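The primary structure of each chain is shown beneath.
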Amino acid sequence: GQNIDQPTEMTATEGAIVQINCTYQTSGFNGLFWYQQHAGEAPTFLSYNVLDGLEEKGRFSSFLSRSKGYSYLLLKELQMKDSASYLCAVREDNAGNMLTFGGGTRLMVKP
Amino acid sequence: KAGVTQTPRYLIKTRGQQVTLSCSPISGHRSVSWYQQTPGQGLQFLFEYFSETQRNKGNFPGRFSGRQFSNSRSEMNVSTLELGDSALYLCASSLAQGAGIQYFGAGTRLSVL
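Not measured: the values here are computed from a predicted model.

**Student:** Before we go on, may I ask you to explain the interface of chain A and chain B in this structure?
**Tutor:** As a measure of interface size, the accessible area lost when the parts come together is often cited. Opposite the 16 residues of chain A that make contact, chain B presents 22 residues. Between chain A and chain B lies a buried interface of about 1500 Å² when both sides are counted; carbon and sulfur atoms form 56% of it. On inspection of chain A and its partner chain B, the count reaches zero salt bridges. Run the count over chain A and chain B and you get nine residue pairs in polar contact (both at pLDDT 80 or more). At the level of elements, β4 (29-37), β9 (84-92) and β10 (99-101) of chain A are the ones that each hand at least two residues to the side of chain A that touches chain B. No other element matches the four residues that β4(A) contributes to the side of chain A that touches chain B. In the side of chain A that touches chain B, the residues fall into ten nonpolar, five polar and one charged.

Dropping the structure here:
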């Protein structure tokens, strides 16, 4: 099975940078995903990493180290609308599209 | 291009009843996965369908079942509802199995009284 850990809550200030960490243990790795979920809404895809390194997409970047079982999501120039839950999910080899999710990190952005 | 569509959005049932939820994937997507989201357990995988066949199944009792039609639309059924089945049920679609990105629908919020 898999174990995916991420902080439960984080608070940051508008305009700042925040890093949300995710650690995982898996027997066969086939990709790590980050989703954003606003309260009462569907998860929205943010980023996908399958190889080590940094993937940048606008204000959002995601990093992966497969040897360390570690990823982070970096949010720059925080805006109030970034207040949401951020979900880390891992896909295993030979498991089709089954994603195993961490518990999510609730980010609160304050003025 | 339309996203993943789930119907109904809200549902209220009583214990012992059964319920059927529907999911229409993004056009061209052939893989449909179902997830249950609760405050206590977070997002948990139920099952995945690809080419009308169940490919993977999560750790849920047999009361939870599903199927996929030739047009890739999928339904999930929960029989003999229990209070603990109250949750947000999310459907996600992907182009292929084991690859690509999953896109989620808005979900069906089921309340069991």
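Don't stop here, the text continues.
**Student:** Help me out: how do you make sense of the state of the cysteines in this one?
**Tutor:** Disulfide: a covalent bond connecting the sulfur atoms of a pair of cysteines. Enumeration over the complete set of coordinates arrives at two disulfides over all chains. The disulfide that involves A:Cys22 links it to A:Cys88, with 2.0 Å between the sulfurs. Between A:Cys22 and A:Cys88 the sulfur-sulfur dihedral comes to about -65°; the bridge is accordingly left-handed. Taken together, the residues A:Cys22 in strand β3 (residues 18-25) and A:Cys88 in strand β9 connect sequence positions 66 residues apart. A single burial state applies to A:Cys22 and to A:Cys88, both of which are buried. Here B:Cys23 pairs with B:Cys91 through a disulfide, and the sulfurs are 1.8 Å apart. Given an S-S torsion of about -55°, the disulfide between B:Cys23 and B:Cys91 has left-handed geometry. Of this pair, B:Cys23 sits in strand β3 (residues 19-24) while B:Cys91 sits in strand β9 (residues 87-94); the two residues are 68 residues apart in sequence, bridging distant segments of the chain. You'll find B:Cys23 and B:Cys91 in the same group, each marked buried.

**Student:** What exactly am I supposed to notice about unusual backbone geometry here?
**Tutor:** Note: most residues except glycine have negative phi, and most peptide bonds are trans. The linkage connecting B:Thr7 with the following residue, B:Pro8, adopts the cis geometry, with an omega of -10°. By the secondary structure assignment, B:Pro8 is in the loop between β1 (5-7) and β2 (10-13). The phi dihedral of A:Glu77 is positive, around 45°, even though this residue is not glycine. Along the chain, the position of A:Glu77 falls in the loop between β8 (70-75) and β9. By relative accessible area, which is 54% here, A:Glu77 ends up exposed. A positive phi is found at A:Asn94, a non-glycine position, where the angle reads about 60°. With relative accessibility at 81%, the residue A:Asn94 sits in the exposed group.

About the thresholds
Residues numbered from 1 in each chain as written. Chains lettered and ligands numbered in written order. Predicted model: local features only at pLDDT ≥ 70, side-chain atom pairs only at ≥ 80, totals over all residues. Heavy atoms only, no water. Contact = heavy atoms within 4.5 Å. Buried area = accessible area lost by both parts, 1.4 Å probe. Salt bridge = Lys/Arg side-chain N within 4 Å of Asp/Glu carboxyl O. Polar contact = N/O pair within 3.5 Å; in protein donor to acceptor, adjacent residues only side chain to side chain. Helix = DSSP H or I, 4+ residues; strand = E, 2+ residues; numbered from the N terminus. Nonpolar A, V, L, I, M, F, W, Y, C, P; charged D, E, K, R; others polar. Disulfide = S-S within 2.5 Å. Buried < 20%, exposed > 50% of the residue type's maximum accessible area, 1.4 Å probe, protein only.

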